[in-house]
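# Coordinate inspection notes
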Amino acid sequence: MAITKLTTSDDFKRVKEDHSQFIVFKNSTTCPISAQAFEEFEKFSEDVTEEVYYLNVQESRPLSTEIADTYGVKHQSPQALVFNGEEVVWNDSHWRITYTSLTDAAKQFLK
């Protein structure tokens, strides 16, 4: 399925209005760990039927901070988060973001 880039709080609000459950991947374009994790996220996105989302922390720092503050999840980059309603039900970061971990999280939390 498609990967949609989020850049603003309004983008994020629209996703929340349209979907009760979704995955967001936060990455840095200057970090080699983020580059590897983004490759895993891209592979994962090819095998899911749901639209998935990402934001670049350098371009969208206010949104990244808003998510961390609103949901009580410490900001990390790279980081993957599964949202269900008004809570983050799963998140992981760095080398633990793999095709397998993303697939397992989707199976468990996206119904």
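The structure we're discussing is the one just above.
As a further point, take the pairing of strand β5 (residues 87–93). In summary, the side chains of a regular strand alternate between the two faces of the sheet. Relative to β5, strand β4 (residues 79–84) is paired through 6 bridges, and the arrangement is antiparallel. When the sheet's bridge partners are listed, V82 is paired in β5 with W90. The loop that links β4 with its antiparallel partner β5 comprises 2 residues; one of these, G85, has a positive phi angle of about 65°.

So, on to unusual backbone geometry. Here the bond from S77 into P78 is cis, since omega is 0°, no more than 30 degrees from zero. Within the secondary structure layout, P78 lies in the loop between α3 (61–71) and β4.

This part is about the packing of aromatic side chains. Under the defined criterion, the tally for this structure stands at 11 aromatic pairs. A ring pair is formed by F12 and F83, whose centres lie 5.4 Å apart and whose planes are at 65°; its orientation type is edge-to-face. With F12 in helix α1 (residues 9–18) and F83 in strand β4, the pair connects residues that are 71 residues apart, well separated along the chain. Like F12, the residue F83 is buried in the burial classification. Ring centres 5.8 Å apart and planes at 45° place the aromatic pair F25 and F38 in the tilted group. Taken together, the residues span a long stretch of sequence, with F25 in strand β2 (residues 21–27) and F38 in helix α2 (residues 32–46) at a distance of 13 residues. Comparing F25 with F38 shows no difference in burial state: the two are buried. Cluster of aromatic residues (ring-pair linked, three or more members): F12, F22, Y53, Y71 and F83.

This part covers the nonpolar core. Counting residues in each nonpolar core, the largest one holds 18 residues, and the members touching the most others are I23, F25, F41, F44, V82, W90 and L102. For this core, the elements supplying multiple residues, two or more each, are β2, α2, β3 (52–56), β4 and α4 (99–109). Ignoring any residue separated from it by four or fewer positions in sequence, one finds F25 in contact with S34, A37, F38, F41, Y53, Y54, L55, P78, Q79, A80 and I97. With 15 residues, the next largest nonpolar core counts L55, L63, I67 and V73 among its residues.

In this section: the pattern of salt bridges. Scanning all chains against the criterion turns up 5 salt bridges. Among the ionic pairs, R14 bridges to D11, the shortest N-O distance being 2.7 Å. Residue R14 and its partner D11 are both found in helix α1; the two are separated by 3 residues, about one turn of the helix. In this structure D11 comes out as buried when scored by relative accessible area, which is 16%. Here R96 and D92 are joined by a salt bridge, their closest N and O atoms 2.5 Å apart.

A contiguous patch of negative charge, built from E39, E42, E46 and D47, is present on the exposed surface. Along the chain, the position of E46 falls in helix α2. Classification of E46 by relative accessible area gives exposed; the value is 61%.

Basis of the calculations
- Residues numbered from 1 in each chain as written.
- Predicted model: local features only at pLDDT ≥ 70, side-chain atom pairs only at ≥ 80, totals over all residues.
- Heavy atoms only, no water.
- Pairing = 2+ DSSP bridges.
- Helix = DSSP H or I, 4+ residues; strand = E, 2+ residues; numbered from the N terminus.
- Phe/Tyr/Trp six-rings, centres within 6.5 Å; stacked < 30°, edge-to-face > 60°.
- Buried < 20%, exposed > 50% of the residue type's maximum accessible area, 1.4 Å probe, protein only.
- Core = buried A, V, L, I, M, F, W, Y, C linked by side-chain atoms within 4.5 Å.
- Contact = heavy atoms within 4.5 Å.
- Salt bridge = Lys/Arg side-chain N within 4 Å of Asp/Glu carboxyl O.
- Patch = residues over 30% accessible without salt bridge, like charges linked within 9 Å, V, L, I, M, F, W, Y side chains within 5 Å.
- Areas by Shrake-Rupley, 256 points an atom, 1.4 Å probe, with all protein chains shown as cover.
- Lys, Arg positive; Asp, Glu negative; His and termini not counted.
- Charge placed at Lys NZ, Arg CZ, Asp CG, Glu CD.

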